[in-house]
Structure formats: C-alpha cells, structure tokens
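These are the residues of each chain, in order.
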Amino acid sequence: MTPINRFGMESQSVMKPGAKIVTISSLELNHKSNYQDFGRYVEADVAITGDAEATLPALIEEVKRALTSDRKRALQERGRKVAEANEQSRKQHRELAAIAWDASPISTARLAAEIWAQVKNEDWSLVSWDRMMSSWPTRLWNFSKHYQFIGTHGGSGIGYGLPAAVGAALANKKHGRLTINIQTDGDLCYAPGVLWTAAHHQIPLLNIMHNNRAYHEERMYIALLGAKYDRSPETSDIGTALKGPNIDYASVAKGFGLYSEGPIENPNDLGPAIKRAIERVKKGEPVLLDVVTQPR
Amino acid sequence: MWAQAPNTANTANGKRLFEAKACYQCHGWRGQGGLAGARLAQTKLNLQGFRNIIRNPPPSNMPPYRAAVLTDQEVADLFAYIQSFPAPDPVEKIPLLKD
C-alpha cells in the first residue's frame, strides 16, 4: 500500500489486482518501538524473513530455469517497453531540470546535476536520502552498483542523516570510495557534533548542504492541516523557518575542524567549489559546502 | 473563462501571495515543481482550471484553499504571477543536462 497524503491515513495499492506478493526481507527483524513501524507492513501473501542479498542470486537462477520460451519472449518484450519508458522518463526529467536552472536560491535539480558532473567518473557512493530534494540524484544520475545508494532513514525527523552519513563514509573508507552526503539543514542541527567525529578520525566525506533554511516538511504539514479549517498558512513559518539569523553552516563545520566553503548562492559557483572540495576529500578529509537551495 | 489572467489581475500581489501562502515551498520559487508539488511554470491550465485545483485539489498534499484563505481575485493575481515565470532554456543549450 502506498500512502497518498501526508496524514498517512489513506493509501492505495499499486499492485495489479490478483497479483500474489511474496517478500524476502530482514525488515521484520528490525521492528521495535518506532510508531512508524506498526501497521505499515507490506500486504504480502507470503512474507519470508531472510537475507534478500543472499537469496536473490539463487532465486534468479531458479526463476530462469522455470521460464518457458513463451515467457522469455514476453519478458524480453516487457523489458523493451520498460527501457523505452525509462529513456522517455529521463528525457522528461532533464527538461524539468532546466526550469529554474539559473535561479537563486539554487534549484535542487541544478545542485544534483553539478554534483554528478564532478563525481560521475569516480567510484562514488551517495549516503543520503534524496527525497527531500525531489529525488533529483535518482532522476539524473546513473546508479549501477549497490553501494551507490544507502536507502532511506530509520527514523524521520530525528537527525538521522549526518550520523548515518559519517558511519557510511567510515565503511566506504577502506574501499577508497568517494562518499557524498547531500545534507539537509534541519537534520544537521540535531547532532552536529558528529562533524567533529569525522574530523577527529579523518573520515573522507563530501558533505554538501541542501540548505533551504527551514523545516519545510513540518511547514507543509501545518499548511495542509490549517487549510482544512480555513486557516491561512501565512504564519506557518513560526517555529519552522531557520532564518533570523541564517545559520552559517560553513562556520559551524569550520568550528568542528572541517574544511568548508559557503554559503554558495550563485549556481555558477557550484561546480568549481565541488571540484575543490573533492580534491580535499581525496586526501582523506571530511569537507562541507554550504549551498543555499530551493525548498525541494 | 479566461485563457489568460484577467486584466484586473495584479502580478505584484501574486508574487507576494506566492511567498505568503507558502506556494513556493512545494512548487519552487520559479514554479519548477518537484515531488512535493506540481510544475506551475508554463502551465497549460486556464484561470478556471487553476482555481478549481486550488479549491478542490485531487488527493495529494495540496492544501485546499477556499475563499476564506484565497479570494477569487487573489487566485487571479497568483495566476498572473505564475504566467510571468520565464521559459527555461532548451536542454540542448545546457551542457550538464545533455548526458
């Protein structure tokens, strides 16, 4: 079931009617006391608790053996259609990314495209959730290895992003991967001390702020809830906007011992700044670029 | 029904409302849209269609703004402002979007 609004009370199935769902996952072992866990199970016909990574190779071979030649042809045809749809979708994404290309605050599409231009020839790993920036990395980058995306958070709204990124960067260090964290501003405010941990242990990590100067998720929620009662959203920035004063994340990072630059507000300054930052990361340092961005 | 904003629409007030009513949060400062909100730049909607969506949005995270929050005149002002968003350059002219 896919939630269709922020209240999470309404959802709709995206499955073909009558389709059987079998899941293999260790997710069931992870459910503890987070309220978001309960009642959000996949509506599976058979739910198998197990290691998906270990299971998949054998499962793929078994499925291949079970395929008839008719089914193989049908799957090839489906694959062709999916590839065409994917190409069409990527073309559309690029067209949408062109809107607000030169805007300041910097569009999240521009931010993603500028990072991609600098990292695409590296052995890279994105260790942050990209939904808060309209999933532009997912829409514009070419993901081909499992370690290139860390997945979603284990707990939303509690400052998961930065500590998770530092942990992932530590795991990537021995592989020599370029670790990229596109860091939301509100999330950083929960546990900024982990920047010191990264500096102290010299964990190579490229932090790029998605600094939209607000807890927009909460502000959107307030606007939506208020509208149901004909209340104007004009005061919804109280307690949600991070302005007056603006937070200087470059200075924050510098205080914790990181090389930093920013705030970057001109999109044309982004590419050279990212390039300089990557040079530092390759020498084994954590760095932070503060980029002032559009909300999503 | 107007295909364009009526002559009485006030683009400057539309710009003010776009920020004050927090439209930019989901739709972007240039109306570029994103996962949180639809693209508004170069909209194909006319004023009536635009107002219908504001008053009765489809199931989504779009707040239903009735006349107590946005009057018809303010909706027209917003529509005029949205129509003033500049057209983007073609993708072919943006090297980073070519590949």
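Refer to the structure above for everything that follows.
Thresholds applied
Residues numbered from 1 in each chain as written. Chains lettered and ligands numbered in written order. Predicted model: local features only at pLDDT ≥ 70, side-chain atom pairs only at ≥ 80, totals over all residues. Heavy atoms only, no water. Helix = DSSP H or I, 4+ residues; strand = E, 2+ residues; numbered from the N terminus. Buried < 20%, exposed > 50% of the residue type's maximum accessible area, 1.4 Å probe, protein only. Contact = heavy atoms within 4.5 Å. Areas by Shrake-Rupley, 256 points an atom, 1.4 Å probe, with all protein chains shown as cover. Lys, Arg positive; Asp, Glu negative; His and termini not counted. Charge placed at Lys NZ, Arg CZ, Asp CG, Glu CD. Core = buried A, V, L, I, M, F, W, Y, C linked by side-chain atoms within 4.5 Å. Polar contact = N/O pair within 3.5 Å; in protein donor to acceptor, adjacent residues only side chain to side chain. Pairing = 2+ DSSP bridges. Right-handed = clockwise from strand over helix to strand, strands pointing away.

For chain A, the helix and strand inventory stands at ten helices and nine strands. Across its three principal axes, chain A shows a C-alpha extent of roughly 65 × 55 × 40 Å.

The next point concerns the overall build of chain B. When you go through chain B residue by residue, the secondary structure sums to four helices and zero strands. When the elements of chain B are put in sequence order from the N terminus, they spell out α-α-α-α. Its C-alpha atoms give chain B principal-axis dimensions of about 45 × 30 × 25 Å. For chain B, the residues scored as buried account for 46% of the 99 residues in total. Here the analysis covers contacts within chain B between residues at least 6 apart in sequence; of these, 62% occur between residues at least 24 apart. Entry remark: accessible area of chain B is about 5,100 Å², with carbon and sulfur atoms responsible for 54%. Of note, chain B has its 11 positive side-chain charges centred 3 Å away from the centre of its 7 negative side-chain charges.

Residues Ile115, Trp141 and Ile180 of chain A are the most contacted members of the largest nonpolar core, which totals 35 residues. Mapped onto this core, the elements with two or more residues apiece are helix H3 (108-119), strand S5 (124-126), helix H4 (136-140), strand S6 (178-184), strand S7 (205-211), helix H10 (270-282) and strand S9 (286-292) of chain A. For this core, the element with the highest residue contribution is H3 of chain A, accounting for seven residues. For Ile180 of chain A, the residues in contact, after removing those within four places along its chain, are Ile115, Val119, Trp124, Ser125, Leu126, Val127, Ser128, Trp141 and Leu206 of chain A. By size, the runner-up hydrophobic cluster in this structure holds 24 residues, among which are Ile99 of chain A together with Leu47, Ile54 and Leu70 of chain B.

Take helix H1 (residues 11-20) of chain B next. Among the residues of H1 of chain B, those classed as buried are Asn13, Gly14, Leu17, Phe18 and Ala20 of chain B. Along its buried surface, H1 of chain B packs onto helix H8 (216-227) of chain A together with helix H2 (23-27) and helix H4 (72-83) of chain B. Two or three places before Ala12 of chain B, at the opening of H1 of chain B, Asn10 of chain B has a side-chain oxygen 3.0 Å from that residue's backbone nitrogen. Downstream of H1 of chain B by one or two residues, Ala22 of chain B has phi in the positive range, about 65°.

What follows deals with the pairing of strand S8 (residues 259-264) of chain A. Residue and element names in this part refer to chain A. Direction of pairing for S8 relative to S9: parallel, over a ladder of four bridges. Considered in S9, the bridge of Tyr259 is made with Val287. For the handedness criterion, the β-α-β arrangement of S8, H10 and S9 is classed as right-handed.

Residue and element names in this part refer to chain A. In this model, Gly244 is joined to Pro245 through a cis peptide bond whose omega is 5°. Examined against the element boundaries, Pro245 turns out to sit in the loop between H8 and helix H9 (249-255). Residue Gly262 is joined to Pro263 through a cis peptide bond whose omega torsion reads 5°. Summarising the element assignment, Pro263 is placed in strand S8. Even without glycine at this site, Ser135 takes up a positive phi of about 55°.

By themselves these figures say nothing about function.
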